[in-house]
Amino acid sequence: MKNIFRSVSTFFAVGILSAGLAAQTASARYDSDIQTRVAQQLTKKHDFRNLQAATEDGIVTLSGTVDLYQQKLDAARRIRKLDKVQGVRNLIAVSTTVSDSELAAKLERKLHYDRIGYDNQFNFVEVSVKDGVATLNGETRTDVGRDSALSLANNMPGVRDVVDNIKVSPVSGFDDRIRIRALRAIYRDPVLGRYASDPAKPIRIVVDNGKLSLYGTVATAMDKQIAGMKANQVFGVFSVQNNLEVVKGS
């Protein structure tokens with residue numbers, strides 16, 4: 001009985017190995033054709049002028065340099081769509097001479113002004129940069145807000161990689177009503193209304209399942225206290241977390 005079991009196991013193992021080798025051989029047959037079409041795709045776009053490709057068993061390895069992280073993503077996406085390509089190994093590097101502190105400052109400014117006139121009061125995204133890798137944290141009201149923030153980072157010169165830690169708030173009419181009530185309560189206040197004059201520095205109102213959080217920077221500790229009081233008075237709010245920061249020296 002044991003001998004029969006061993007024979008059956010060996011038969012299946014050989015079958016699986018043979019199938020794998022056959023698939024690998026089939027993929028290898030197309031390598032030359034894939035390599036030609038990959039080269040054609042890379043020469044079509046000026047942004048990919050410094051890229052090289054190698055193909056083995058249907059897997060395309062991309063290397064070289066680009067100016068933007070988004071171009072690195074675009075190159076892999078374009079090659080992945082080609083017929084018979086089994087996968088893409090993306091070893092493309094992003095050329096940069098920008099310091100982490102400079103990158104963080106530029107991205108922070110971009111994110112502050114992102115989606116002005118839409119829902120930027122309801123989004124809070126902060127960024128940190130280490131070795132050219134930008135990490136985005138925070139929460140946005142919609143996927144559009146998150147995607148917009150990621151696009152800014154992907155297209156910022158000097159960013160080598162982007163880590164997406166942004167949470168999208170759950171869809172909720174209940175939360176939307178809280179957002180509107182909180183917006184009115186805060187910005188119609190005679191003291192806090194001034195924070196609506198600079199679209200880059202609003203008091204950010206983030207609502208998630210009835211829990212309201214305030215983010216941003218205010219001029220005085222009194223302003224922070226008033227904002228917290230106004231938020232706590234909003235009908236329907238389960239809890240309030242006041243994360244507002246006070247300008248140093250105030």
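See above for the structure.
Fair warning: this is a prediction, and the values are worked out from it, not measured in the lab.

Engineer: Where do I start with helix α4 (residues 100–113) in this structure?
Structural biologist: Structurally, the α-helix is built with 3.6 residues per turn, so residues lying three or four positions apart point the same way. For α4, spanning 14 residues, the distance from its first C-alpha to its last is 20 Å, which sits close to the expected 20 Å at 1.5 Å a residue. Of the positions making up α4, those classed as buried are L103, L107 and L111. Axial view of α4: buried residues confined to an arc of 60 degrees, hence all on one face. Opposite the packed face of α4, turned more than 90 degrees from it, sit the exposed residues S101 and R109. Buried positions along α4 lie against β5 (124–130), β6 (133–140), α5 (143–154) and β8 (204–208).

Engineer: Hey, could you run me through the sheet that holds strand β9 (residues 211–215) in this one?
Structural biologist: Where strands meet in a sheet, backbone hydrogen bonds hold them as pairs that are either parallel or antiparallel. Strand order in the open sheet formed by three strands is β8-β9-β11, with mixed pairing between adjacent strands. Where the open sheet ends on each side, the last strands, each with one partner, are β8 and β11 (239–242). Sheet twist, expressed as the average angle between the axes of neighbouring strands with direction ignored, equals 20 degrees. Relative to β9, β8 runs antiparallel, the two sharing five bridges.

Engineer: When you look at the nonpolar core in this model, what are you seeing that I'm missing?
Structural biologist: Within soluble globular proteins, side chains that are nonpolar generally end up buried alongside one another. In this structure, L62, I79, L107, L136 and V159 are the most contacted members of the largest nonpolar core, which totals 32 residues. For this core, the secondary structure elements donating two or more residues are α2 (31–44), β2 (59–66), α3 (69–80), α4, β5, β6, α5 and β7 (161–168). It is α3 that provides the largest number of residues to this core, a total of four residues. In contact with V159, other than residues within four places in its own chain, are Y69, V94, L103, L107, G132, A134 and A153. By size, the runner-up hydrophobic cluster in this structure holds 19 residues, among which are I186, Y187, I203 and I226.

Engineer: Looking at this model, I keep getting lost on the packing of aromatic side chains. Mind explaining?
Structural biologist: Think of a pair of aromatic rings as described by two things: how far the centres are apart, and how the planes are tilted against each other in angle. Using the criterion set out here, one finds two aromatic pairs in the structure. Aromatic side chains F124 and Y215 sit 4.1 Å apart centroid to centroid with 10 degrees between the ring planes, which places their arrangement in the stacked category. Linking F124 in strand β5 with Y215 in strand β9, this pair joins segments that are 91 residues apart in sequence. Assessed through its relative accessible area of 21%, Y215 is described here as partly exposed. The cationic tip of K84 hangs over the ring face of Y30; the distance from NZ or CZ to the ring centre is 5.1 Å.

Each value, and the rule that gives it
Residues numbered from 1 in each chain as written. Predicted model: local features only at pLDDT ≥ 70, side-chain atom pairs only at ≥ 80, totals over all residues. Heavy atoms only, no water. Helix = DSSP H or I, 4+ residues; strand = E, 2+ residues; numbered from the N terminus. Expected span 1.5 Å × (residues − 1). Buried < 20%, exposed > 50% of the residue type's maximum accessible area, 1.4 Å probe, protein only. Arc of directions from axis to C-beta. Contact = heavy atoms within 4.5 Å. Pairing = 2+ DSSP bridges. Axes fitted to C-alpha atoms, helices over the stretch in contact; angles between N-to-C directions. Core = buried A, V, L, I, M, F, W, Y, C linked by side-chain atoms within 4.5 Å. Phe/Tyr/Trp six-rings, centres within 6.5 Å; stacked < 30°, edge-to-face > 60°. Lys NZ or Arg CZ within 6 Å of the ring centre and 35° of its normal.

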